[in-house]
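Fold and geometry: a report
Chain by chain, the residues run as shown.
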Amino acid sequence: MLGFLKLKAQSTLSQEIGYLLSDALFYSEKYIIPATDGAVYQASSAWMSTVKKREKWTVEAGIYGNVFFVPNSDRTFQINNSDLQFFEIENASSATVPTALGNKDQVYLTGDLNGEQIRFKTPQGINQETVVYPYLQVGLVLPYGFEIMGKYSTRTKLKKGDYQVYGLGLKHNFSQYFSSLEAKKINLAAMVMYSNEDISFDFIDAETSFGNLGFNRFTGIVNTYHLQLSASKEINHFEIMGSFITNVSDFKYEVGGSTSEPTPYAIAINNLLPQLEKTKFNYMGELSVNYFISKFYIKGTFSFGKFANANLGFNYVIN
């Protein structure tokens, strides 16, 4: 009889842990995906410094500031008690809570694990209207109209999180094959790029008699491959550029805690997170203006599609 009760208790605990992990997976998807989708747009912007063909072995270096405009539609999501198997919203049947891009509003979620109450506040968002970060971009013009470009940002601190991007691109100028276009100072080029975006947020900090759940930090890592098609017109010291960009991204998610070793709960949820790891395609437009002053030029860019992103760069050219 005692063995049967012990087996039943273990079975109930395992079921409760399963429900807890199911709720964590549900909440994770709603919370993190708007931020990682936005990260793709940030990484896509202002790769092609100029469409025109330049002298081979020209070197340039630029300092850029990127501004991502956080859309209202991606700042919150709705949860209902009917969505949850383990947790309940304290003193309510439904609530509007922030995504990683949202505000600081919080509600309490409660659940019972092996007779002990687990109670914690839902994670906050970055609480920013815009996400601003600086990065460096360098380029080298190769023979035959090719140009290689790299970008790198240090880890930028956000409210309740941080962000980093780096990548490499290769451009080729096509208007060099059409003398009539060059005579009219019309330029055509294409560029392929790879970027890695790493974005992390404070997540769920909950203590139990079994220890901390180990969901304190939520990280999204995005690998993106871009294709950009661009045309430009030179007018005196200005170059006006228009671009179409398409990209494909693979997403990877991971939770972790403050301890050096992941908790059993973190290991379990990380084994479930691949269910959220989808491949996504994006399409966006981009408008840019370059203003050349001797060996310097200023570049302003606005990208638009599902999200909006602006960019301002100061570049120095050596040729």
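Residues numbered from 1 in each chain as written. Predicted model: local features only at pLDDT ≥ 70, side-chain atom pairs only at ≥ 80, totals over all residues. Heavy atoms only, no water.

As for the sheet that holds strand 5 (residues 108-113)
Spatial strand order, 3-5-6: three strands in an open sheet with antiparallel pairing. A single partner strand is all that each edge strand has here, and the edge strands are strand 3 (88-89) and strand 6 (116-121). Bridge count between strand 5 and strand 6: six bridges; the pairing is antiparallel. For Leu 113, the partnering residue across the bridge sits in strand 6 and is Glu 116. (Pairing = 2+ DSSP bridges. Helix = DSSP H or I, 4+ residues; strand = E, 2+ residues; numbered from the N terminus.)

Some words on the layout of surface pockets
Roughly 180 Å³ of volume is contained in the largest pocket. As for the largest pocket, its lining consists of Lys 52, Arg 54, Glu 55, Thr 58, Phe 292, Ser 294, Lys 295, Tyr 297, Val 317 and Asn 319. Among the residues making up the lining of the largest pocket, the classes are represented as three nonpolar, three polar and four charged. (1 Å grid on protein atoms, 1.4 Å probe; cavity = no way out; pocket = protein on both sides within 12 Å on 5 of 7 lines; lining within 4 Å. Points joined across faces, edges and corners; volume = space filled by probe spheres on them. Nonpolar A, V, L, I, M, F, W, Y, C, P; charged D, E, K, R; others polar.)

Some thoughts on the packing of aromatic side chains
Enumeration according to the criterion identifies 21 aromatic pairs in this entry. When the ring of Phe 251 is compared with that of Tyr 253, the centres are 6.4 Å apart and the planes differ by 15°; the resulting orientation is stacked. With relative accessibility at 6%, the residue Phe 251 sits in the buried group. The exposure class assigned to Tyr 253 is buried, which follows from its relative accessible area of 4%. Between Phe 296 and Tyr 316 the ring centres are 5.0 Å apart and the planes differ by 50°, which places this aromatic pair in the tilted class. Of this pair, Phe 296 sits in strand 17 (residues 296-304) while Tyr 316 sits in strand 18 (residues 308-318), and the two are 20 residues apart along the sequence. A relative accessible area of 36% places Tyr 316 in the partly exposed class. Through pairs of rings, three or more aromatic residues link up here, namely Tyr 27, Tyr 31, Phe 77, Phe 201, Phe 203, Phe 218, Phe 251 and Tyr 253. (Phe/Tyr/Trp six-rings, centres within 6.5 Å; stacked < 30°, edge-to-face > 60°. Buried < 20%, exposed > 50% of the residue type's maximum accessible area, 1.4 Å probe, protein only.)

Side note on the confidence of the model for the protein
In the predicted model, the protein carries a mean pLDDT of 89, and the fraction of residues at 70 or more is 95%. At the level of individual helices and strands, the protein shows its lowest average pLDDT in strand 12 (residues 207-208), which scores 70, and its highest in strand 8 (residues 146-152), which scores 97. Low pLDDT, under 50, characterises residues 1-11; the stretch is placed with zero contacts to residues that sit more than four places away or in other chains. (pLDDT = per-residue confidence, 0-100. Contact = heavy atoms within 4.5 Å.)

Thoughts on the environment of Thr 58
Structurally, Thr 58 is set in the loop between helix 1 (2-44) and strand 1 (59-69). Look at Thr 58 and you get buried, because its relative accessible area is 2%. Other than its neighbours up to four places away in sequence, Thr 58 contacts Gly 139, Leu 140, Val 141, Val 317, Ile 318 and Asn 319.

Points about empty space enclosed by the protein
Within this structure, the stated rule accounts for two cavities of 30 Å³ or more. By volume, the largest cavity amounts to about 70 Å³. In terms of lining residues, the largest cavity is bounded by Leu 20, Asp 23, Ala 24, Tyr 27, Leu 84, Phe 87, Leu 109, Phe 120, Ile 204, Leu 213 and Phe 215. With four residues, helix 1 is the largest single contributor of residues to the lining of the largest cavity. A breakdown of the residues in the lining of the largest cavity according to their chemical character gives ten nonpolar, no polar and one charged. Here the second largest cavity is characterised by a volume of approximately 60 Å³. Around the second largest cavity, the lining residues are Ala 35, Ala 39, Gln 42, Phe 68, Leu 101, Ile 126, Val 131, Leu 158, Tyr 163, Ile 199 and Phe 201. Along the lines of polarity and charge, the residues of the lining of the second largest cavity split into ten nonpolar, one polar and no charged.

Structural notes on helix 3 (residues 264-272)
At 3.6 residues per turn, the α-helix brings residues three or four places apart onto the same side. Those residues of helix 3 that fall on the buried side of the exposure criterion are Tyr 265, Ala 266, Ile 269 and Asn 270. Along the long axis of helix 3, the arc covered by the buried residues comes to 130°, so they all point the same way. In helix 3, the exposed residues that point more than 90 degrees away from the buried face are Pro 264 and Asn 271. (Arc of directions from axis to C-beta.)

Observations concerning the pairing of strand 16 (residues 279-293)
The two faces of a sheet get side chains in turn, since along a regular strand they alternate between them. In terms of strand pairing, strand 15 (residues 238-256) meets strand 16 through 13 bridges, oriented antiparallel. Across the sheet, residue Thr 246 finds its bridge partner in strand 16, namely Tyr 283. Direction of pairing for strand 16 relative to strand 17: antiparallel, over a ladder of nine bridges. Paired with Tyr 291 across the strands is Ile 298, a residue of strand 17. Taken together, strand 16 and the strand that follows it, strand 17, pair antiparallel across an intervening segment of two residues, in which Ser 294 is found at a positive phi of about 55°.

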